[in-house]
Amino acid sequence: MIFSIKVMDRAIMKEAIRLSIEKMDAGEGGPFGALIVKAGTVVGRGWNRVTSSNDPTAHAEVMAIRDACAHLNTFDLAGCEIYSSCEPCPMCLSAIYWARLDKLYFAATRKDAADAGFDDEQIYQEIPKEWNERALPSEQGLHDEARKAFEAWKNKADRTHY
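I will try to describe carefully the structure that is included in this document. What you see is a predicted model; the values in this text were computed from it and never measured.

### Considerations on the pairing of strand 3 (residues 80–86)
A regular strand places its side chains so that they alternate between the two faces of the sheet.
Argument step 1. Most of strand 3 sits out of view: seven of its seven residues are buried.
Argument step 2. Pairing analysis gives five bridges linking strand 1 (residues 33–38) to strand 3, with the strands arranged antiparallel. Following the sheet pairing, Lys-38 is matched in strand 3 by Cys-80.
Argument step 3. Sheet analysis places strand 3 next to strand 4 (residues 103–108), joined by five bridges and oriented parallel.

### Considering the packing of helix 3 (residues 60–72) against helix 4 (residues 90–99)
Argument step 1. Two elements in contact, helix 3 and helix 4, have axes separated by 8 Å at closest approach and are oriented at 25 degrees. Considering their axes alone, helix 3 and helix 4 lie roughly parallel with respect to each other. Helix 4 is crossed by helix 3, and the crossing has left-handed handedness. On the side of helix 3, the interface is formed by Glu-61, Val-62 and Ile-65, while helix 4 contributes Met-91, Cys-92, Ala-95, Ile-96 and Ala-99.
Argument step 2. For the contact of helix 3 with helix 4, the per-class residue count stands at seven nonpolar, no polar and one charged.

### Let's talk about the nonpolar core
Argument step 1. Ranked by size, the top nonpolar core spans 17 residues in total, and within it Ile-36, Ile-65, Leu-77, Cys-80, Ile-82 and Leu-101 carry the most contacts.
Argument step 2. Of all the secondary-structure elements, those providing two or more residues to this core are strand 1, helix 3, strand 3 and helix 4.
Argument step 3. Apart from residues lying up to four places away in sequence, Ile-65 is in contact with Ile-36, Leu-77, Ala-95, Ile-96, Ala-99 and Leu-101.
Argument step 4. Core analysis: the second largest hydrophobic core is formed by nine residues, Met-13, Leu-19, Leu-35 and Tyr-105 among them.

How each quantity is defined
- Residues numbered from 1 in each chain as written.
- Predicted model: local features only at pLDDT ≥ 70, side-chain atom pairs only at ≥ 80, totals over all residues.
- Heavy atoms only, no water.
- Buried < 20%, exposed > 50% of the residue type's maximum accessible area, 1.4 Å probe, protein only.
- Helix = DSSP H or I, 4+ residues; strand = E, 2+ residues; numbered from the N terminus.
- Pairing = 2+ DSSP bridges.
- Axes fitted to C-alpha atoms, helices over the stretch in contact; angles between N-to-C directions.
- Parallel < 35°, antiparallel > 145°, perpendicular 65-115°, else oblique.
- Left-handed = near helix turned anticlockwise from the far one by under 90°.
- Contact = heavy atoms within 4.5 Å.
- Nonpolar A, V, L, I, M, F, W, Y, C, P; charged D, E, K, R; others polar.
- Core = buried A, V, L, I, M, F, W, Y, C linked by side-chain atoms within 4.5 Å.

Rendered as structure tokens:
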């Protein structure tokens, strides 16, 4: 098997950084930008829109993934790469995995983001804990009833695997 080693495209990363600054200056949200690239072509663009859209999930990477999926008419971004102006937060990193992106390139680190007031360390610390040990009070109920949906899914002949 032959593996190709891909190298970060500096021009694309500079564009993600430029986008982060432009949209922050425009008052659309925090200083984050992201681009999705397929075969050297930008197919998705995103920037932080948390405060301008009142959507706490409107992070740059999530918005770029949404844009690329709409552009390519798919939920599977295998064959694509993401360029982010900053190391993704836990939510965005999860979205990158769910989207099946081939590679992540990032510029600033999560420590740089924390220094600017975007500290995700508490979330990083919470993720590996059991649900009942997290700081967020949680309660489980109707487990057997909810499992019926998964049984139905397993038996659904025309389900779309993802």
